[in-house]
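Structural description and commentary
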Amino acid sequence: MQKAGKILGRVSIGILILAIIAGAGGLYYFKSYLPKVVAPKSFPQIDGEIQVDGLDGPVDVIRDQMGIPHIYATTAHDLFFAQGYVHAQERFWQMDFWRHIGSGRISEMFSGEVETDAFLRTLGWKQTAEAEWEQLGAESRAILQSYSDGVNAYLKDHQGADLSLEYALLGLPILSPNYKVEEWTPINSLTWGKAMAWDLRGNMDEEIQRAVLLKTLTPEQVAQLFPSYPEDHPVIVNNIGEGPAPAAVPASIPEPASFAALQAVEQNIALLNPMLGKLGDGIGSNSWVVSGKLSATGAPLLANDPHLGIQMPSIWFQVGLHCVKRSAKCPFAVAGFSFAGVPGVVIGHNDRIAWGFTNVGPDVMDLYIEKVNPDNPNQYEVNGTWVDFKTREEVIKTASGDSVTITVRSTRHGPVISDTYGPLKDQGDAKDEDFVPFKDRTGVEVPENYVIALAWTALTPSTPFEAIWGLDKAQNWEDFRKAASNFHVPAQNLIYADIEGNIGYQMPGDVPIRSKGDGTVPVPGWTDEYEWTGMIPFEELPYTLNPAEGYIATANNQVPPRDYPHFITYDWDYGFRADRIVNMIQSAPNRIDMDYIKTMHGDSYDANAAVFAPLLLDLKLAANLTPAQDMLKNWDYQDRADSTSAAVFNAFWRSFLKNTFNDDMPEERYYPDGGSRWNEVMRNMVKDPKDPFWDDKTTPDVIETMDFIMKKSFADGVAELKDTFGNDLKKWNWGDMHASTFRNGTLGESGISLIEDLFNRGPYPTSGGEALVNATGWSVVDGYETNWLPSMRQIIDLQNLNNSVTVHTTGESGHAYHKHYDDMAPLWANIEYYPMWWNLDSVLADAEGHLILKP
């Protein structure tokens with residue numbers, strides 16, 4: 001796990017001193033008083049009645065045995081009001097911190113985050129959200145306002161530790177004793193759409209990497225490290241269009257362009273990693289849907305597992321939203337997963353359709369190098385004319401009471417993100433003898449004065465939540481596509497099924513059409529040569545209805561047919577997960593049922609091992625390595641939690657990537673970190689045992705071959721396993737190496753065990769790995785601990801919605817020590833599920849609590 005830049009790293013010593021001074025009393029405070037006395041104060045009331053101002057009528061909130069609330073209301077206003085109230089009951093700390101991220105106000109909660117806030121203010125998410133609010137229609141505004149009113153109704157009677165245990169600690173003198181919770185506003189909800197768009201942002205990191213690597217590697221070598229999508233892996237849509245209705249349901253890399261302060265951009269991007277997660281090429285998701293002609297029920301089955309960064313609590317909040325009497329004014333009957341802080345259901349089903357998401361990852365971010373006027377730094381060049389930067393001042397307030405004022409500059413392309421802080425990278429400290437000017441590091445001619453501006457579709461006002469609310473009430477394929485047309489960013493693979501037996505897929509989203517270039521490297525911004533000329537029209541985006549194959553599978557792999565006329569991205573996931581999903585569907589021994597899909601969710605087949613394990617078995621190794629080598633014999637290439645074979649192979653693989661490529665990279669930040677791209681690179685390189693990348697540049701007198709590097713890497717991996725687990729191979733198991741620890745993203749990252757133990761849970765032995773269907777990520781650079789994962793799993797039965805099942809990662813509650821804080825984690829780790837109740841009778845039969853909100 002990345003330790004740099006943790007939220008509380010700057011105050012950890014102060015907390016430790018407080019604990020030491022307190023002595024035994026301090027241990028009691030942390031080990032007993034906080035968990036047993038303070039924490040329960042914030043647990044939500046789940047039975048009885050609560051009188052709440054602002055409701056039209058009574059609302060029933062029935063929680064099942066997993067703590068999932070099922071909300072029944074007579075008006076849409078009351079439905080979303082109650083959702084806001086329940087979100088605040090269960091997750092307000094999460095909501096509060098998220099809104100501070102969205103508006104660049106983290107420093108008001110935790111001093112020391114001014115640089116992060118400065119970058120967030122530069123991106124201008126709050127300004128974009130405010131513009132979105134002005135453009136919303138009356139129905140969307142009403143939903144957001146009703147939700148906000150519900151949140152504020154709860155806040156009216158709850159403050160401090162009554163809201164969440166975290167606030168009791170935030171009030172300590174060393175943290176933010178003067179912090180006050182503000183009312184919730186619709187803008188707070190809208191900014192979360194920007195945070196999710198950033199989390200699923202596409203290829204900006206690859207754009208920077210290519211540009212930097214073109215200094216030390218040839219264009220051919222860079223192309224080798226960023227290969228094209230493999231011909232033998234599937235695309236999502238083979239033929240755009242509609243198939244026949246179903247039977248009735250029974251009961252190349254370009255030359256380097258001019259670029260500049262990219263390292264400043266990278267540093268700014270990295271500031272958000274602790275809060276929103278580091279982007280990896282496995283971040284994305286799986287989804288698939290099979291039609292009735294393949295299913296055991298004769299009706300569609302839809303599966304989804306979105307992959308996001310590991311966190312505590314879960315990013316998802318499961319909920320059922322039901323209008324007691326459906327009408328045009330109250331049309332909602334929907335169940336599934338929401339974001340705490342946002343009204344509606346993001347992924348799930350209603351009474352007629354079901355849907356799932358995976359990330360498309362289109363290239364919707366471009367970096368433009370802007371020439372700055374050497375005589376007037378307030379101007380930049382546009383087609384031979386100097387024009388003024390747009391500027392605004394931002395005041396960043398801190399928990400300590402101080403404030404910092406920054407000036408944000410923007411060009412016609414977007415915000416300048418290279419100089420949010422610090423000097424531009426063609427300027428060095430006179431005392432720094434090792435400083436090398438940027439153009440000398442890159443070998444690229446750049447303007448004498450320059451900045452980097454970001455063009456990003458998410459900075460054009462549009463909210464994905466209008467599309468979400470449309471999906472929530474859609475009744476058929478036409479309604480579904482109409483709602484999807486409002487989904488601008490982040491672009492998602494939307495899979496679809498309905499109770500009539502139809503299955504479908506739609507890719508929505510704003511994807512730029514470029515006059516020149518393909519977004520793979522930064523480009524000059526001082527002319528119109530590389531401008532965006534528009535967006536791909538929605539009707540020309542890939543979609544399919546009832547494909548002949550009888551199934552649709554998405555796993556962040558290439559979306560369109562290979563002859564598709566528009567450019568979406570070069571940087572697809574490389575399709576190892578998609579290939580395995582398709583193979584399992586096609587090779588199902590019987591008609592596909594729920595149990596088979598559960599097996600698919602837990603499938604940990606490592607296609608990478610299938611290539612390299614046989615080669616390892618062919619090597620002549622030292623006698624002390626053969627016991628570990630023998631563990632690869634008769635292995636089925638499944639990375640199960642109890643597998644010694646998986647432990648041996650993955651330890652080898654980590655060393656294999658390091659030994660092959662680290663010597664070729666210009667600096668550590670470009671070392672390979674694993675994932676589908678590196679799997680494809682190595683799958684291609686294995687065809688040439690004398691590829692120049694096999695040679696270790698640090699040994700100029702020796703030219704290494706693939707076999708040499710494989711032998712060395714296997715020995716290195718075995719040595720690492722012995723250091724970690726000892727010499728007994730029976731103690732080497734993948735699940736312990738790859739365990740999942742769910743950490744609170746703020747106080748759970750303090751570096752002080754007394755604080756972290758209050759909020760963090762785990763480790764849980766974990767199966768799966770990178771580029772596997774059971775997609776649990778780990779880092780070649782940082783280690784084997786799970787760092788991103790299937791954030792939830794759902795299987796929806798379109799013949800009987802009440803038969804659907806699901807699980808998410810931790811628990812429904814955000815309150816440490818509540819019984820629903822971590823009760824889902826063992827189920828998640830073991831690929832187990834619980835019912836996704838739909839029928840009221842089932843909800844009542846499984847009820848844990850029945851709360852009535854009354855006006």
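Residues numbered from 1 in each chain as written. Predicted model: local features only at pLDDT ≥ 70, side-chain atom pairs only at ≥ 80, totals over all residues. Heavy atoms only, no water.

Things to note about the overall build of the chain
Applicable threshold: Counting from the N terminus, the helices are DSSP H or I runs at least four residues long and the strands are E runs at least two residues long. Accessible area is worked out with a 1.4 Å probe on protein chains only. A residue is then buried under 20% of its type maximum, exposed over 50%, and partly exposed in between. The accessible surface values rely on the Shrake-Rupley method and a 1.4 Å probe; as for residues, cover is taken only from the protein chains in view.
A tally of regular secondary structure across the chain gives 26 helices and 31 strands. Taking all 855 residues of the chain together, 63% fall into the buried category. When the accessible area of the chain is evaluated, it comes to approximately 30,900 Å², of which 50% is carbon and sulfur surface.

Digging into the pairing of strand β15 (residues 403-410)
Stated formally: A pair of strands is labelled paired if DSSP reports no fewer than 2 bridges between them.
Pairing analysis gives 8 bridges linking strand β14 (residues 390-397) to β15, with the strands arranged antiparallel. Paired with V395 across the strands is T405, a residue of β15. Here β14 hands over to β15 after 5 residues, with G401 in that stretch at a positive phi of 100°.

A few points about the pattern of salt bridges
Stated formally: A pairing counts as a salt bridge when a side-chain nitrogen of Lys or Arg comes within 4 Å of a carboxyl oxygen of Asp or Glu.
A full pass over the atoms with the stated rule returns 37 salt bridges. For the salt bridge of E381 with K371, the shortest nitrogen-to-oxygen distance reads 4.0 Å. Of this pair, E381 sits in strand β12 (residues 379-382) while K371 sits in strand β11 (residues 365-371), and the two are 10 residues apart along the sequence. Its relative accessible area of 15% is what places E381 among the buried residues. D716 serves as the salt-bridge partner of K712, at 3.4 Å between the closest nitrogen and oxygen. Taken together, the residues span about one helical turn, with K712 and D716 both in helix α22 (residues 706-725) at a distance of 4 residues.

Some points on the sheet that holds strand β31 (residues 847-854)
Inclusion rule: Two residues form a contact once any of their heavy atoms are found within 4.5 Å. Angles shown run from 0 to 180 degrees and are taken between the N-to-C directions of axes, each axis being a line fitted to C-alpha atoms and, for helices, limited to the stretch in contact.
Strand order in the open sheet formed by 12 strands is β1-β31-β2-β3-β7-β8-β9-β10-β17-β18-β22-β4, with mixed pairing between adjacent strands. Edge positions in the sheet fall to β1 (48-51) and β4 (241-242), since each of these pairs with one other strand and no more. Here strand β10 (residues 353-359) runs beside strand β17 (residues 492-498); their pairing, made up of 7 bridges, is antiparallel. If you follow I353 over to β17, its bridge partner there is D498. Contacts between helix α14 (residues 464-473) and the sheet are confined to β8 (333-339), β9 (347-350) and β10, with β10 contributing the most and set at about 150° to the helix.

Description of the state of the cysteines
Cysteine pairs can be covalently joined through their sulfur atoms, and such a bond is termed a disulfide. Inclusion rule: Here, two cysteine sulfur atoms that lie within 2.5 Å of each other are counted as a disulfide.
Under the criterion given, the structure shown has 1 disulfide. At a sulfur-sulfur separation of 2.0 Å, the disulfide partner of C323 is C330. The sign of the -85° torsion about the S-S bond sets the C323-C330 disulfide as left-handed. The burial state of C323 is the same as that of C330; both residues are buried.

Side note on the packing of helix α5 (residues 125-135) against helix α8 (residues 186-199)
Our working definition: Roughly parallel means an angle under 35 degrees; roughly antiparallel, over 145; roughly perpendicular, 65 to 115; everything else is oblique. Should the near helix be turned anticlockwise from the far one by less than a right angle, the crossing is left-handed, and should it be turned clockwise, the crossing is right-handed.
Between α5 and α8, the least distance of the axes is 8 Å, while the angle of their chain directions is 120°. In this view, α5 runs oblique relative to α8, as classed from their interaxial angle. Between α5 and α8 lies a crossing whose hand is right-handed. Only P186, I187, L190, T191, K194, A195 and W198 of α8 make contact with α5, whose side of the interface consists of W125, K126, T128, A129, E130, E132 and W133.

As for the nonpolar core
One broad trend across soluble globular proteins is that nonpolar side chains are buried collectively. Threshold: For our purposes a nonpolar core is just a set of buried Ala, Val, Leu, Ile, Met, Phe, Trp, Tyr and Cys residues, chained together by side-chain atoms within 4.5 Å.
Counting residues in each nonpolar core, the largest one holds 217 residues, and the members touching the most others are F92, L225, W456, F714 and L853. Broken down by element, the residue count for this core peaks at 14 residues, all from helix α3 (residues 76-102). Beyond its immediate stretch of four places on either side in the chain, L225 contacts L213, L217, F661, M665, R677, W678, V681 and F693. Residues L301, Y551, M600 and V805 belong to the second largest nonpolar core, which totals 23 residues.

Some details on empty space enclosed by the protein
This is how it is decided: A 1.4 Å probe that fits but cannot get out identifies a cavity on a 1 Å grid over protein atoms alone, an open set with protein on both sides within 12 Å along at least five of seven lines counts as a pocket, and a residue lines either if it has an atom within 4 Å of a point. Grid points are joined across faces, edges and corners, and a volume is the space filled by probe spheres set on the points. Under the scheme applied, nonpolar residues are Ala, Val, Leu, Ile, Met, Phe, Trp, Tyr, Cys and Pro; charged residues are Asp, Glu, Lys and Arg; polar residues are all the others, including Gly.
Space inside the largest cavity adds up to approximately 210 Å³. Along the wall of the largest cavity there are 20 residues; nearest its centre are M196, L200, F339, F357 and Q492. For the lining of the largest cavity, the secondary structure elements donating two or more residues are α8, β5 (284-290), β6 (301-309), β10 and α14. Here the lining of the largest cavity is composed, by residue class, of 14 nonpolar, 6 polar and no charged. Each pocket or cavity is described by its volume, and for the second largest cavity that value is around 100 Å³.

Regarding the side chain of R210
As a reminder, the rule being used: Any N or O atom pair separated by 3.5 Å or less is treated as a polar contact, with the protein-specific requirement of one donor-capable and one acceptor-capable atom, and with residues adjacent in sequence counted only for side-chain atom pairs.
When you line up the elements, R210 lands in helix α9 (residues 204-216). Among the residues examined, R210 registers a relative accessible area of 0% and is labelled buried. Side-chain polar atoms of R210 contact the side chain of D571, separated by 2.5 Å.

Overview of the sheet that holds strand β16 (residues 450-456)
One open sheet accounts for 3 strands, arranged β16-β11-β20; its pairing is mixed. Edge positions in the sheet fall to β16 and β20 (523-524), since each has one partner strand and no second. Sheet topology places β11 next to β20; 2 bridges connect them, and they run parallel. Bridging from a neighbouring strand, Y368 pairs with V523 of β20. Here α9 sits on the sheet and contacts β11 and β16; the angle it forms with β11, its principal contact strand, is near 50°.

Focus on the packing of aromatic side chains
Put simply, the rule reads: Between 30 and 60 degrees the pair is tilted, below 30 it is stacked and above 60 it is edge-to-face, where a pair is any two Phe, Tyr or Trp rings, Trp via its six-membered ring, whose centres lie within 6.5 Å. Should the NZ of a Lys or the CZ of an Arg lie within 6 Å of a ring centre and within 35 degrees of the ring normal, that charge is described as sitting over the ring.
According to the stated counting rule, one finds 40 aromatic pairs in the structure shown. Chaining the aromatic ring pairs together yields one cluster made of Y605, F612, W635, Y637, F649, F652, W653, F656, W694 and F714. Across the ring face of Y543, the terminal group of R481 is positioned such that the distance to the ring centre comes to 4.0 Å.

Quick look at the confidence of the model for the chain
Put simply, the test is: Per-residue confidence from the predictor is reported as pLDDT, a score between 0 and 100.
Of all residues in the chain, 90% have pLDDT values of 70 or greater, and the mean over the chain is 91. The model gives residues 252-260 a pLDDT under 50, and that stretch makes 38 contacts with residues more than four places away or in other chains. Here residues 421-445 is a poorly scored stretch, pLDDT under 50, and it has 48 contacts once near neighbours within four places are set aside; other chains count.

Some thoughts on unusual backbone geometry
Between M312 and P313 the backbone carries a cis peptide bond, its omega angle lying at 0°. For the bond from G762 to P763, the omega torsion is 5°, close enough to zero to count as cis. Structurally, P763 can be placed in strand β25 (residues 761-764). Backbone geometry places N383, a non-glycine residue, at a positive phi of 50°. Position of N383 relative to the elements: it lies in the loop between β12 and β13 (385-388). Looking at N383, the relative accessible area reads 42%, which means it is partly exposed. Within the chain, Y637 stands out as a residue other than glycine whose phi angle is a positive 70°. Topologically, Y637 is positioned in the loop between α19 (626-630) and α20 (644-661).

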